[in-house]
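Structural overview for review
One letter stands for each residue in the lines below.
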Amino acid sequence: MSRALVEYERVDKYFGETHVLKEVDLSVANREVVVVVGPSGSGKSTLLRCANRLEEIQGGEIRIDGEPISGPDANVNELRQQVGMVFQSFNLFPHMTAAGNVAVGPHKVKGVPETEARRQARDLLDRVGLDAQADSYPDELSGGQQQRVAIARALAMDPQVMLFDEVTSALDPELVGEVLDVMGDLATEGMTMLVVTHEMGFAREVGDRIVLMSDGRVVEQAPPEAFFESPQTERGKRFLSRLL
Ligand code: ADP
Ligand code: MG
């Protein structure tokens, strides 16, 4: 694959005395989909949050498209445009329509004129299958629809990389598929993605590489087939045995 868009190099993260990321090395190539799996508390969310500086690291370096994200030349606002993030909770603005939620970032942050931002918002909502819901308010939408609005909202900033942190975990089971389908489409279109999920079907089908975290470390990484068929580490074997 081509150049690395996201690079973690010997990254250390502490919360007080707790060492949460331990010398993590990880890179995501342009157009690659890396799926992070691992037990609760292993550091998956923290790993993602450090990449757009929702958390600061205490050691090592993170680079986006070759540029260190911390340090004198770094600009957090620009970084958050480059690195889009979607969370388990959608956090849409309740008083804005779907189109309004998607348009507000480009308009307020990037200075895109409001009519143009709204037009782009409708295109993005179309892309996530919500053209008919553009004028609906969040409380008129299902969880799956709201999460797709949240994805469209992140895409509206035209990010280079998308981070997804358990974005289907809060959804009713019957709504999970529509969100995973949108993520699969994005991957097919060539979006670079770092995805934390418990959806192993998605990991297998859409992931280019699976990364297993345990206790703050990357303990195994491999293409899906190798990871699921023949894990190389004890942790990997144990993780898989618990899935069955
Ligand atoms: P995961 O997403 O894999 O469940 P997290 O990254 O959320 O793991 O958490 C990793 C570890 O860091 C856990 O031990 C968790 O309790 C701790 N942690 C996470 N966020 C904070 C925080 N804001 N303050 C203190 N400890 C935290
Ligand atoms: Mg988490």
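**What about the site of ligand 1?**
Contacts to ligand 1 come from Phe15, Val20, Pro39, Ser40, Gly41, Ser42, Gly43, Lys44, Ser45 and Thr46. Contact distances for ligand 1 include 3.0 Å between an oxygen atom and a backbone N or O atom of Gly43. Taking Lys44, its side chain carries an N or O atom lying 2.8 Å from an oxygen atom of ligand 1. When ligand 1 sits alone it has 560 Å² of accessible area, and the protein chains cover 57% of it. Of all the elements, helix H1 (residues 44-51) adds the most residues to the shell around ligand 1, at three residues.

**Considerations on the pattern of salt bridges**
Enumeration over the complete set of coordinates arrives at 17 salt bridges. Ionic pairing is found between Arg10 and Glu23, a salt bridge with its closest N-O pair at 3.0 Å. Of this pair, Arg10 sits in strand S1 (residues 4-15) while Glu23 sits in strand S2 (residues 18-29), placing them 13 residues apart in sequence. On the basis of relative accessibility, which here comes to 47%, the residue Arg10 falls in the partly exposed class. The shortest N-O distance in the salt bridge between Lys13 and Glu55 comes to 3.8 Å. Of the two residues, Lys13 is situated in strand S1 and Glu55 in the loop between H1 and strand S4 (59-64); the sequence distance between them amounts to 42 residues.

**As for the environment of Ala226**
For Ala226, the location among the structural elements is in helix H8 (residues 224-229). Taking the C-alpha atoms as reference points, Ala226 and Arg209, separated by 17 residues in sequence, lie 9.4 Å from one another.

**Quick notes on the pairing of S4**
Where S1 meets S4, five bridges bridge the pair, whose relative direction is antiparallel. Opposite Val6, over in S4, you have Ile64 as the bridge partner. Where S4 and strand S5 (residues 67-68) come together, two bridges link them in antiparallel fashion. In the strand pairing of S5, Ile64 is matched with Glu67. Connecting S4 to the antiparallel partner S5 that follows it, the hairpin turn spans two residues, and Asp65 within it adopts a positive phi of roughly 50°.

**Description of helix H4 (residues 114-127)**
Taking 1.5 Å of rise per residue, the 14 residues of H4 would be expected to cover 20 Å, and the 20 Å separating its terminal C-alpha atoms lies within 8% of that figure. The elements touched by buried residues of H4 are helix H3 (98-110) and helix H5 (143-155). Note on H4: the residue one or two positions beyond its end, Gly129, has a positive phi of about 80°.

**So, the nonpolar core**
In this structure, Leu125, Ile151, Met162, Phe164, Met183, Met193 and Phe227 are the most contacted members of the largest nonpolar core, which totals 52 residues. In terms of residues, this core owes the most to one element, helix H6 (residues 173-188), which gives eight residues. Other than its neighbours up to four places away in sequence, Ile151 contacts Val86, Met162, Phe164, Val179, Val182, Met183 and Leu186. Listed in part, the 27 residues of the second largest apolar core include Val11, Leu48, Cys50 and Met213.

Conventions and cut-offs
Residues numbered from 1 in each chain as written. Chains lettered and ligands numbered in written order. Predicted model: local features only at pLDDT ≥ 70, side-chain atom pairs only at ≥ 80, totals over all residues. Heavy atoms only, no water. Near = heavy atom within 4 Å. Polar contact = N/O pair within 3.5 Å; in protein donor to acceptor, adjacent residues only side chain to side chain. Areas by Shrake-Rupley, 256 points an atom, 1.4 Å probe, with all protein chains shown as cover. Helix = DSSP H or I, 4+ residues; strand = E, 2+ residues; numbered from the N terminus. Salt bridge = Lys/Arg side-chain N within 4 Å of Asp/Glu carboxyl O. Buried < 20%, exposed > 50% of the residue type's maximum accessible area, 1.4 Å probe, protein only. Pairing = 2+ DSSP bridges. Expected span 1.5 Å × (residues − 1). Contact = heavy atoms within 4.5 Å. Core = buried A, V, L, I, M, F, W, Y, C linked by side-chain atoms within 4.5 Å.

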